[in-house]
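Given next are the chains, with one letter for each unit.
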Amino acid sequence: MQQKIDEMKPVLLKEIQMAASLTALEDIRVKTLGKSGSITSLMKELGSLSLEEKKKAGQLLNTLKTEIAEAIEKQKETLALKEMNEKLESEKVDVTLPIRPDTHSGRIHPVSQVIEEMLTIFAQMGFDLAEGPDVEDDWHNFEALNIPPSHPARQMQATFFMENTEDKILRTQTSGVQIRTMENKKPPIKIVAPGRTYRRDYDMTHTPMFHQIEGLVIDTKTNLANLKTTLFEFMKLFFETDDVSLRFRTAYFPFTEPSFEVDVGCSRENGEFKIKSGAGWIELLGCGMVHPNVLRNCGLDPDVYQGFAFGCGIDRFAMLKYGIPDLRSFFDADMRWIKHYGFLPLDIPNIMSGLSLNAGGKR
Amino acid sequence: MKVSLTALKTYLDTNATPQEIADKLTSIGLEVEEIIDKASDLKDFIIGEIKSVDHHPNADKLHILSVFTGSETLQIVCGAPNVRVGMKSVLARPGNLIPHYNEKLEKGVIRGVESCGMLCSERELNLSDNHEGIIDLETDLPAGTSILEYYKPDVIFDVNVTPNRGDCFGIKGIARDLYAAGIGTLIPQEIKPIKGTFISPIHVRIEDPDCPQFVGRYIKGVKNGSSPEWMQRFLINAGLRPISALVDITNYLNIAECRPLHVFDADKLTGDITVRKAKEGEKLDALDEKEYTLTPEMTVIADDKGAQSIAGVMGGTPTGCTSETVNVFLESAYFTPMSVAKTGRLLNAESDSRTRFERGIDPDSQVSGNERATQLILDICGGEASEIIIAGSEPDWHHTIEFDFGLVKKICGIDLPKEECVGILEKLGFTVNGNTLSVPSWRSNDVKQSADIIEEIIRIHGTDDLPYEPLRGAGLPVSILLPHQKREASVRRALAGKGLNQAITWSFMDSKLAKYFDSKGIKISNPIASDLDEMRPSLIPNLLSAVKRNQDRGIKDVQLFEVGPEFYSYTPNEQRLVAAGVRAGNITPRHFLETQRSVDVFDAKADALAGLTAADAPQNLQVQAKAPSWYHPGKSGSFCLGKNVVAVFGEIHPMILKIFGIKTPVSAFEIYLDNIPHQRAKGKSQKLLKLSPLMPLTRDFAFVVDESVEAGKIVSAIQSADKEKITDISVFDVYQGDKLPSGKKSIAVQVTIWPYEKTMTDQEIEILCTQIVNLVHKSTGAELRA
């Protein structure tokens, strides 16, 4: 028996190793371990042996049987793997082919984005958000703002007039919201009001519709130093740089006194605009202490109440911060423009992660 | 306003540099928009003298010149027709930057002859547009002299004077502000009253309260030649053309001292002068060569024949001065700002005089202005002056302000010593007596109350040293958006998340298109363009125009949305906020994995629903097959809460597409944000989630119904069978065709049933299914498909 096993084993193991397919392997299994397989036949022969021989040969045969079974199992795994690999190889695709079209990547217009950036800052400073109508009356847009009909400032702002009305116009500035707020609420007042504004102007740098944001603080003590500090902090946060310098130039607006135009330090190198101190100036906004006549017009006593107001062009801030060259393109709805200058829907300005990705929006 | 340094220095003694002056002016409210420094352009050029002129051997029109530079003689090829021996002109040498071309001159060879310089035309130096020939200097200055010696170019400040500062429309006023701000000292202007030698033969009568005072004088025997060089230079620098001595004198005083004047040719006046309102239809040929038809709202200076001058705006040609003028009548009057502004506006007539009168000139300058002008006329034109005539009296401009100096700290937040404040005010011309301030006549138009005084002090002091005082509310910042504002922001993000791109289009549009969009005719009377003349009644038309623009640029598939107002009234606040969007062309670009299809009503419905969800609209919205007329009547619908329509959606009507010239289908939606009710404030905590431990099961049903039956009805009937256990109902097939009788359709539905407490027995499932079929049958007449 020993001899038989010694002769069989290497031959069988070799045969198993050589088996090239699962079918061939199955044949070997049947030939050896099957009902009439060679090892099974040897097992049957055990009955004719003596007890002692039987025990010894039985052990040998069992070992052989296990070894062969294991070898078959092992080869089976190898072959299965090989077969799968071959199958997978045959399934190979061209991964340079494009992905499915992305239909969920719309963009937010820079004006909306910048309004949200501004509101994020003013929220931190404790301002409320106020709104006013686009079609405005003469009182709120001019008269209450200390701009009587003969005032030369009326000619400074080319006004759209509504047909068939005495005094309805398209608001030339968001300042009317100041009046509406003061008429409806007792101080302390602390609001910002962004919105559409309209002037009869259309060229390289003017569009008949544009956006302004207005700020108004009224209480019994807010002063010019507060105004300057507020604007300084706002500029630093908005432009996301500490290198901000402001220049206050005395100006004239009928609704504030004293009035200022505010320039911010900037540089233009190789066509790239940058907020930084010491290089040059660019005009950014108008502001001042609310004129006593305006307070009176809203029923507030200027001997008791005081405060500041400011107003600035949102489109202009967007152009400066994000390097957008042409104002007219803002309102053209060119898909290429919106996709290029617009913001991803999840790009929401907030205090936690900052106003814009990469602090300045380079994408 | 253009102010030359030389002119400024006749009123202000200062050594400050032009830059220092400009910076200070800008800081105190007289913004310098530009410093024009011609000297820097011209500083390298010298006078060259032509010593010889020879013909160019190779070109008929060119000459070869030898030009003396004062130290050497250069050979120059020149094409100008006006060259001659002995002529002095402006010489540019190699290396000089030629202002007009902004290029450096190089030595060259012209048609084979070397040329070592260039003689310049006025245009080449940006002096004028003249390029007829080279400049003929006609000067005694020797060759080699810097051209600056000849031109004496001035530094000119282009100052933007704000409308409240009438006084700074005179150089004298600008000088005073600079002085107050610490630049230089004022040069006193002495005005000597001129004793007349006779009584004016022309008398003045005022009949119009808009002219409180008229100061006149007759001057006889004048000679109206050209004005002296210094005055011409002054006027040219101020942007005016010298005309004749008399006219130049009035223009000079207008610009220098903000004192508008007028000089009549006295021999052309008939009878006396009356200041009165114009008669209806009265006509005047004015000095700007236009004929004006006047109305009774306008003040005129008239003689016996009629109006001869439009008060404060413009004189008339018939009585204007010419070179033959011998006797003149000088007018120095005060007209109220309102009346001049109104006349100017009604006539649409601009003049330097109007600019000053309507902003308010010094009401105390009629007599002094007349004296100044008389003196200049006598000095320059000779003649003999009459006694001065004063009709009316100067308007009452005197007023005082009780000023609490503590207000400077209260309003500006900075502690300024009282002495500094008083010093500033006194330099500006105020008289300070304790807390009582007397306003100078030239500021009486704009300084009226304490706030005006604070402005004067802080603008001159400057804001550089204001303390750093942040404005902080108490406590930590909280959200500042009201619920509807939050909703607008989240709708915007949600729609962008659906792949729509946010546009901002005009609030106005073409009324010819608006009529297709339920226009309420809210029109602008002076639109910027005739096709932007109506406030939009819907956001859709502007978005459709945007689709068309994009498609014309080669972008066929367009996805846009906008959140903004639509208008239905002239009354402020009667506008509503709408979120609207459009998709045009195909829903996705061509792709190997996707079947291409056009946008359709269900894309619009999905977009609308995404917006409504982001707006936190109630769950129980009903869908109705009704939409405005610009939608496809069969492929559109609306989301409603009873009668309240919160959104509409659908494919755009083919006729509308045709009007806009759009050739692809367009799906669109409009969400009326203001119509969505705010959900009643509930706590922040969510309803407790109950997860079933059991497995769900699904059953499919195919119902055959009349083709008019809406799927929504079937779905709600199924839901009513068991509101808890039926967790999902999905319509997975809609069939209409040969296999069904005509007028019928089949709707296949998968119903998910999810038991919570115990597994359902077959019998229980069977009962529920039967109930479903019965309920659907009852509600729609549906039969199960065989």
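These numbers were taken from a predicted model, which means no experiment stands behind them. (Residues numbered from 1 in each chain as written. Chains lettered and ligands numbered in written order. Predicted model: local features only at pLDDT ≥ 70, side-chain atom pairs only at ≥ 80, totals over all residues. Heavy atoms only, no water.)

Draft legend 1. Representation of the overall build of chain A. For chain A, the helix and strand inventory stands at 12 helices and 10 strands. In summary, chain A has a C-alpha radius of gyration of 42 Å against a globular reference of 21 Å for 363 residues, an excess of more than 25%. Each principal axis of the C-alpha distribution contributes one length, and for chain A these read about 135 × 45 × 40 Å. When contacts within chain A are restricted to residue pairs at least 6 apart in sequence, long-range pairs at least 24 apart make up 66% of them. Of the roughly 17,200 Å² that chain A leaves accessible, carbon and sulfur atoms contribute 54%. The centroid of the 44 positive side-chain charges in chain A is displaced by 7 Å from the centroid of its 52 negative side-chain charges. (Helix = DSSP H or I, 4+ residues; strand = E, 2+ residues; numbered from the N terminus. Rg over C-alpha atoms; globule rule 2.2 N^0.38 Å. Contact = heavy atoms within 4.5 Å. Areas by Shrake-Rupley, 256 points an atom, 1.4 Å probe, with all protein chains shown as cover. Lys, Arg positive; Asp, Glu negative; His and termini not counted. Charge placed at Lys NZ, Arg CZ, Asp CG, Glu CD.)

Draft legend 2. Inspection of the overall build of chain B at higher detail. Looking only at helices and strands, chain B features 20 helices and 42 strands. Relative to the globule expectation of 28 Å for 786 residues, the C-alpha radius of gyration of chain B, 42 Å, shows a markedly less compact shape. Here the C-alpha coordinates of chain B stretch approximately 130 × 80 × 60 Å along the principal axes. Counting every position in chain B, which comprises 786 residues, the buried fraction comes to 52%. Accessible area for chain B stands at about 36,600 Å²; split by element, carbon and sulfur atoms hold 51% of it. One way to put it: in chain B the 87 positive side-chain charges average out to a point 8 Å from where the 106 negative ones average out. (Buried < 20%, exposed > 50% of the residue type's maximum accessible area, 1.4 Å probe, protein only.)

Draft legend 3. Just the interface of chain A and chain B, in detail. Taken together, the contact between chain A and chain B spans 100 residues of the former and 90 residues of the latter. On inspection of chain A and its partner chain B, the count reaches 8 salt bridges. In this assembly, chain A and chain B are joined by 43 residue pairs in polar contact (both at pLDDT 80 or more). If one sorts the elements of the side of chain A that touches chain B by residue count, helix 9 (residues 224-239) of chain A sits on top with 8 residues. (Salt bridge = Lys/Arg side-chain N within 4 Å of Asp/Glu carboxyl O. Polar contact = N/O pair within 3.5 Å; in protein donor to acceptor, adjacent residues only side chain to side chain.)

Draft legend 4. Local environment of the sheet that holds strand 40 (residues 726-735) of chain B. Residue and element names in this part refer to chain B. Spatially, 4 strands are ordered 40-41-39-42 in an open sheet, and the strand pairing comes out antiparallel. Each of the sheet's edge strands pairs with one partner strand only, and the pair in question is strand 40 and strand 42 (783-784). Here 10 bridges tie strand 39 (residues 697-706) to strand 41 (residues 744-753), and the two strands are oriented antiparallel to one another. Residue pairing across strands places Val705 opposite Lys745, the latter belonging to strand 41. (Pairing = 2+ DSSP bridges.)

Draft legend 5. Highlighting the sheet that holds strand 6 (residues 73-78) of chain B. Residue and element names in this part refer to chain B. With antiparallel pairing, the 5 strands of this open sheet are ordered in space as 6-5-4-7-12. Only two strands of the sheet have a single partner each, and these edge strands are strand 6 and strand 12 (118-119). The pairing of strand 7 (residues 88-92) with strand 12 spans 2 bridges and is classified as antiparallel. Directly across from Ala92, in strand 12, lies its bridge partner Met118.

Draft legend 6. How the structure looks around the pattern of salt bridges. Residue and element names in this part refer to chain B. Applying the stated criterion to the full structure yields 56 salt bridges over all chains. Residue Lys277 pairs with Asp210 through a salt bridge whose shortest N-O separation is 2.8 Å. Here Asp210 lies in the loop between strand 15 (204-206) and strand 16 (213-220) and Lys277 lies in strand 18 (residues 273-277), a separation of 67 residues in the sequence. Given a relative accessible area of 28%, Lys277 falls into the partly exposed group. For Asp210, a relative accessible area of 23% puts it in the partly exposed group. A single salt-bridge network, built from bridges that share partners, covers Arg165, Asp167, Asp177, Arg443, Asp446, Glu456 and Arg459.

Draft legend 7. Seen up close, the side chain of Ser444(B). All names here are of chain B. Mapping Ser444 onto the fold places it in the loop between strand 29 (436-438) and helix 13 (450-461). Overall, Ser444 belongs to the buried group, its relative accessible area being 7%. Within the structure, Ser444 has its side chain in polar contact with the backbone oxygen of Ser441 (distance 2.7 Å). In this structure Ser444 touches Pro363, Trp397, His399 and Val439, once residues within four positions along its chain are discounted.

Draft legend 8. Inspection of the confidence of the model for chain A at higher detail. Summarising the model, chain A shows a mean pLDDT of 89, and 97% of its residues fall at 70 or more. Counting interchain partners and residues more than four positions distant, the pLDDT-below-50 stretch residues 358-363 of chain A has 15 contacts. (pLDDT = per-residue confidence, 0-100.)

Draft legend 9. Main features of a nonpolar patch on the surface. Together, Leu97(A), Phe592(B) and Leu593(B) line one region of the surface with nonpolar side chains, adding up to about 280 Å² of accessible area. Topologically, Leu97(A) is positioned in the loop between helix 4 (51-90) and helix 5 (110-124). For Leu97(A), a relative accessible area of 38% corresponds to the partly exposed category. (Patch = residues over 30% accessible without salt bridge, like charges linked within 9 Å, V, L, I, M, F, W, Y side chains within 5 Å.)

Draft legend 10. The arrangement of the nonpolar core in detail. Grouped together as the largest cluster of nonpolar side chains are 236 residues, with contacts concentrated most on Phe317(A) and Phe329(B). Ignoring sequence-local partners within four residues, the contact set of Phe317(A) consists of Val114(A), Met118(A), Phe234(A), Met235(A), Phe238(A), Phe239(A), Leu284(A), Leu285(A) and Cys312(A). (Core = buried A, V, L, I, M, F, W, Y, C linked by side-chain atoms within 4.5 Å.)

Draft legend 11. Broad picture of the packing of aromatic side chains. Tallying each qualifying case throughout the model produces 32 aromatic pairs over all chains. For the pair Phe239(A) and Phe317(A), a centre-to-centre distance of 5.8 Å together with 20° between the ring planes defines the contact as stacked. Of the two residues, Phe239(A) sits in helix 9 while Phe317(A) sits in helix 11 (residues 314-322), which places them 78 residues apart along the sequence. The pair Phe239(A) / Phe317(A) is uniform in exposure class, with both members buried. Arranged with centres 5.3 Å apart and planes meeting at 85°, the rings of Trp230(B) and Tyr252(B) form a pair that is edge-to-face. Taken together, the residues span a long stretch of sequence, with Trp230(B) in helix 6 (residues 229-237) and Tyr252(B) in helix 7 (residues 245-257) at a distance of 22 residues. Counting every residue linked through ring pairs, the aromatic cluster contains Phe160(A), Tyr198(A), Tyr202(A), Phe330(A), Phe331(A), Trp337(A), Tyr341(A), Trp506(B) and Phe508(B). The ring centre of Phe198(B) lies 4.2 Å from the NZ or CZ of Lys220(B), which sits over that ring. A cation over a ring is seen here: Arg576(B) above Tyr672(B), with NZ or CZ 4.7 Å from the ring centre. (Phe/Tyr/Trp six-rings, centres within 6.5 Å; stacked < 30°, edge-to-face > 60°. Lys NZ or Arg CZ within 6 Å of the ring centre and 35° of its normal.)

Draft legend 12. Here's a closer look at unusual backbone geometry. Pro188(A) follows Pro187(A) through a cis peptide bond whose omega is 5°. As for its position among the elements, Pro188(A) is in the loop between helix 8 (176-184) and strand 4 (189-198). Backbone torsion omega between Glu257(A) and Pro258(A) reads -5°, so that peptide bond is classified as cis. Mapped onto the elements, Pro258(A) comes out in strand 7 (residues 256-269). Positive phi, normally seen in glycine, also occurs at Glu138(B), with a value near 45°.

Draft legend 13. Seen up close, the environment of Met118(A). Residue and element names in this part refer to chain A. Relative to the helices and strands, Met118 is located in helix 5. Remark: the alpha-carbon pair of Met118 and Val192, spanning 74 residues in sequence, is separated by 9.4 Å. With sequence-adjacent residues up to four places away left out, Met118 is seen in contact with Ile213, Phe234, Phe238, Ile314 and Phe317.

Draft legend 14. Quick look at helix 8 (residues 337-347) of chain B. Residues and elements named next belong to chain B. Listed as buried for helix 8 are Ser339, Val340, Ala341, Thr343, Gly344 and Leu347. Next to the buried residues of helix 8 lie strand 20 (291-293), strand 21 (299-302), strand 22 (307-310) and helix 9 (352-359). Once helix 8 ends, the next one or two residues include Asn348, with phi positive near 55°.

Draft legend 15. View of the pairing of strand 41 of chain B. Residues and elements named next belong to chain B. Across the 10 residues of strand 41, 8 count as buried, placing the element largely inside the fold. Bridge count for strand 40 against strand 41 is 8 bridges, and the pairing is antiparallel. Along strand 41, the bridge assignment pairs Ser730 with Gln750.

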